[in-house]
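Topology and contacts: notes
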Amino acid sequence: MLLAGLFAGALFLGLLVGDWIYFIRLTPDAIRYGCRVASRPDQWPGATVDSIRNRFGPDGVLMLSHGVAWWYPDQSQIAIRPQYRLFSRKFRTAWPVKGLIHVTPQEQSLEAYCVKRIPWSSALITMIWFAVVLVGSLIFVVQYALEGGFATLGAAFLGIGIIGLAGMVALFGIVTVTLSYRLEDSRLMQVYDELRAAMTPSGTP
């Protein structure tokens, strides 16, 4: 039984690490990998497909101050993500964000549509955690009520206290996920702004 538990734990950890490693790759087969969480439409005035091609160079990779961008000319797409250094001093959360920018030529600009994604493991673990807290709290309330837990004032206060504790746990989880996503999204948008500045003529807002 212990061996089975160790094997399951090792398998879960391996799948988690593999999911993150594949997520941060910017190869053609991995750029669309991940759970879509948001999008951002934008316009790049003065930019053209040719100017993008010249800016990236023959290898299609552009190193930015806080991240990396990869140009795929056959698909008219640019993949971006922040830098992930092994011994970075920056705090990393469980919800890293990467972006895939679809560019469409217009008359005097490029239409840029950035799709943001997080790892599937982060999305699934988050949903499972919230489901366990919410469903577990609901089951407790139903069972407690069926067993007469709210029949007396003291027992009712006890039940309300436990429900309040479960609500605080759920609220803490919501705050943690929200703040972590905002932090990681701001890092991605910093890379996006650096890429936009490199693609548009100097001084263009």
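Residues numbered from 1 in each chain as written. Predicted model: local features only at pLDDT ≥ 70, side-chain atom pairs only at ≥ 80, totals over all residues. Heavy atoms only, no water.

1. A few points about the overall build of the chain
The test is simple: Each helix is a run of DSSP H or I of at least 4 residues and each strand a run of E of at least 2, with the numbering of both proceeding from the N terminus. It is over C-alpha atoms that the radius of gyration is taken, and the globule rule equals 2.2 Å times the number of residues to the power 0.38. When a residue's accessible area, from a 1.4 Å probe over protein chains only, is under 20% of the maximum for its type it is buried; when over 50% it is exposed; and in between it is partly exposed.
Scanning the chain from N- to C-terminus turns up four helices and six strands. If you list the helices and strands of the chain from N to C, you get α-β-α-β-β-β-β-β-α-α. Whereas a compact globule of 205 residues would reach a radius of gyration of roughly 17 Å, the chain reaches 23 Å, over 25% beyond that. Referenced to the eigenvectors of the C-alpha coordinate spread, the extents of the chain come out at roughly 75 × 45 × 30 Å. Within the chain, buried positions represent 36% of all 205 residues.

2. Considering the packing of helix α3 (residues 120-146) against helix α4 (residues 153-199)
Going by this rule: Every angle, taken between N-to-C directions, lies between 0 and 180 degrees, and every axis is a line fitted to C-alpha atoms, over only the stretch in contact when it is a helix. Angular relationships are summarised with four words: roughly parallel below 35 degrees, roughly antiparallel beyond 145, roughly perpendicular across 65 to 115, and oblique for the angles in between. Contacts between residues were defined by any pair of non-hydrogen atoms, one from each residue, lying within 4.5 Å. Residues are grouped as follows: Ala, Val, Leu, Ile, Met, Phe, Trp, Tyr, Cys and Pro are nonpolar; Asp, Glu, Lys and Arg are charged; all remaining types, including Gly, are polar.
It is the contact of α3 with α4, at a shortest axis distance of 11 Å, that shows an interaxial angle of 170°. Taken together, α3 and α4 sit at an angle that is classed as roughly antiparallel. Contact residues: α3 offers Thr126, Trp129, Phe130, Val133, Ser137, Phe140, Val141 and Tyr144, while α4 offers Ala155, Leu158, Gly159, Ile162, Ile163, Ala166, Val169, Ala170, Gly173, Ile174 and Val177. In terms of residue class, the contact of α3 with α4 is made up of 15 nonpolar, four polar and no charged.

3. Things to note about the side chain of Arg117
Condition: Polar contact criterion, stated in full: a pair of N or O atoms within 3.5 Å, where within protein one must be able to donate a hydrogen and the other to accept it, and residues adjacent in sequence count only if both atoms are side-chain atoms.
By the secondary structure assignment, Arg117 is in strand β6 (residues 109-118). Here Arg32 takes part through its backbone oxygen, which lies 3.3 Å from a polar atom of the side chain of Arg117. Ignoring any residue separated from it by four or fewer positions in sequence, one finds Arg117 in contact with Phe23, Ile31, Arg32, Tyr33, Gly34, Cys35, Arg36, Val37, Pro96, Val97, Lys98 and Leu100.

4. Re the nonpolar core
Keep this limit in mind: Only buried residues count toward a nonpolar core. Its members are Ala, Val, Leu, Ile, Met, Phe, Trp, Tyr and Cys residues joined through side-chain atoms within 4.5 Å.
With 26 residues, the main nonpolar core has Trp44, Ile52, Phe56, Ile78, Ile80, Ile101 and Leu195 as its most contacted residues. Contributions of two or more residues to this core are made by β1 (35-45), α2 (49-56), β3 (67-72), β4 (77-82), β5 (98-105), β6 and α4. Ranked by the residues each element gives to this core, the list is headed by α4, at six residues. Not counting chain neighbours up to four residues away, the residues in contact with Leu195 comprise Trp44, Phe56, Leu62, Leu64, Ala69, Ile78, Ile80 and Ile101. Ranked by size, the runner-up nonpolar core spans six residues in total, among them Leu26, Ile31, Val68 and Tyr72.

5. What to know about the packing of α2 against α4
In helix packing, the relevant descriptors are the interaxial angle and the interaxial distance, both defined with respect to the helix axes. In the contact formed by α2 and α4, the axes pass within 10 Å of each other and the chain directions differ by 110°. Compared by their axis directions, α2 and α4 come out roughly perpendicular. Mapping the contact onto sequence places Ser51, Ile52, Arg55 and Phe56 in α2 and Leu195, Ala198 and Met199 in α4. Of the residues that constitute the contact of α2 with α4, the class distribution is five nonpolar, one polar and one charged.

6. Some thoughts on a nonpolar patch on the surface
Short version of the rule: Patches were defined on residues exceeding 30% relative accessible area and lacking a salt bridge, with like-charge contacts within 9 Å and nonpolar side-chain contacts (Val, Leu, Ile, Met, Phe, Trp, Tyr) within 5 Å. All accessibility values rest on the Shrake-Rupley procedure with a 1.4 Å probe; residue burial counts only the protein chains present in the view. Any carboxyl oxygen of Asp or Glu within 4 Å of a side-chain nitrogen of Lys or Arg constitutes a salt bridge here.
Where nonpolar side chains cluster on the molecular surface, the patch consists of Trp120, Leu124, Met127, Ile128 and Val132 and spans about 510 Å² of accessible area. Topologically, Leu124 is positioned in helix α3. Here Leu124 falls in the partly exposed class, since its relative accessible area comes to 43%.

7. Section: the pairing of β4
The condition is simple: Between any two strands, pairing holds if DSSP finds at least two bridges.
Burial within β4 is extensive, with six of its six residues counted as buried. Across the two faces of β4 the burial is the same, with Gln77, Ala79 and Arg81 and Ile78, Ile80 and Pro82 all buried. Looking at chain direction, β3 and β4 are connected through six bridges and run antiparallel. Within β4, the position partnered with Val68 by the bridge is Arg81. Note: β4 against β5, four bridges, orientation antiparallel.

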